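Next come the chains, spelled out residue by residue.
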Amino acid sequence: MNNKIKLLTFYSDSHKEFYEKYFLESFNEFLKDDFKLHTLHVDQLSPNGAFGSSGFEETMLLKIKHIINNIDTQSDDKLVYADCDIQFFQNIKDDLFNELGDYDIKFQDDVICLCAGFFICKQNKTILNFFKQILSVLENNMSNGKLRSGLSDQIIINNFYNRKLHNTKIGKLPKRYFTVASSSAGPKQWTGQPFNLPPNIILHHANWTVGYDNKIKLLNYIKDKIKK
């Protein structure tokens, strides 16, 4: 019997609908036979969980700790992390494994940067050290429970990647791991404008938009188009 692959996510109360209606429903439809879900429910540190809001980046600290706590360097299995505002449209296991290849980790391509909201990685000492260094930078920039303005786990990851400050072999996943930034709408905040959907997407991450209502609209927009 094959071991199930660990798939990590987390959510706070402001993101409960994203998690239950889109993430979990699609996980149960396409991934449950090959992945074991490890979900962390965290306290609501920001008023509404919106990107850039007070407490948002402090919540990301909990995310990095969740990842570190689930890395088993004695395992040859891969590990997947996905934000809770992601919906799946098919079983991603074989495609993800093929994409990872000899890399230590591959992130979703956010067009202008690596996206920390979805990745597949090996569970080795290199990856454990990578995330421990991210956590260390975050913790060293905390004061009175607040993270220094302008810093995030994603910024640190991209800094490591662009400046080659880490020996981790890092890559990007193809655009079928979809974000609206890679559509005709482009890498800018989505506010409801129509766009053409590529024919081969296998998941969708509802980033590049801000606010609860816009995320729901974006998730539904793509879900409806996939069903047609």
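Scoring rules and cut-offs
Residues numbered from 1 in each chain as written. Predicted model: local features only at pLDDT ≥ 70, side-chain atom pairs only at ≥ 80, totals over all residues. Heavy atoms only, no water. Helix = DSSP H or I, 4+ residues; strand = E, 2+ residues; numbered from the N terminus. Buried < 20%, exposed > 50% of the residue type's maximum accessible area, 1.4 Å probe, protein only. Pairing = 2+ DSSP bridges. Axes fitted to C-alpha atoms, helices over the stretch in contact; angles between N-to-C directions. Expected span 1.5 Å × (residues − 1). Bend = angle between axes of the 7 residues up to and from the residue. Contact = heavy atoms within 4.5 Å.

K.L.:
Please explain the environment of Asp-43 as it appears in this structure.
P.N.:
One can find Asp-43 in the loop between strand 2 (35-41) and helix 2 (56-70). Overall, Asp-43 belongs to the exposed group, its relative accessible area being 60%. Measuring from C-alpha to C-alpha, the distance between Asp-43 and Leu-62 comes to 9.6 Å, with 19 residues separating the pair along the chain.

K.L.:
Even after reading the chapter, I still don't get the sheet that holds strand 10 (residues 177-179), so can you show me in this structure?
P.N.:
Strand-to-strand pairing in sheets goes through backbone hydrogen bonds, with the strands running parallel or antiparallel. Here three strands make up an open sheet; going across it, the order is 4-11-10 and the pairing mixed. Unpaired on one side and paired on the other, strand 4 (86-88) and strand 10 mark the two borders of the sheet. Each strand axis lies, on average, 20° off the axis of its neighbour in the sheet, ignoring direction. When strand 10 meets strand 11 (residues 203-205), the two strands line up parallel, connected through three bridges. Across the sheet, the residue bridging to Tyr-177 is Leu-203, located in strand 11.

K.L.:
I keep staring at helix 1 (residues 16-30) and nothing clicks. Help me out?
P.N.:
Structurally, the α-helix is built with 3.6 residues per turn, so residues lying three or four positions apart point the same way. With 15 residues, helix 1 extends 20 Å between its outermost C-alpha atoms, agreeing within 8% with the 21 Å of an ideal straight helix rising 1.5 Å per residue. Along its length, helix 1 reaches its greatest deviation from straightness, about 30°, at Phe-23. All of the buried residues in helix 1 are Phe-18, Tyr-19, Tyr-22, Phe-23, Ser-26 and Phe-27. The inward-facing, buried residues of helix 1 contact strand 1 (5-11), strand 2, strand 3 (78-82), strand 4 and helix 6 (212-227).

K.L.:
Can you help me understand the sheet that holds strand 1 in this one?
P.N.:
In spatial order, the strands read 2-1-3-6-5-9; together these six strands make up an open sheet with mixed pairing. Two strands close off the open sheet at either side, each with one partner strand: strand 2 and strand 9 (170-172). Taken over all neighbouring pairs, the strand axes of this sheet differ in orientation by 25° on average, direction set aside. With five bridges connecting them, strand 3 and strand 6 (residues 114-122) associate as antiparallel partners.

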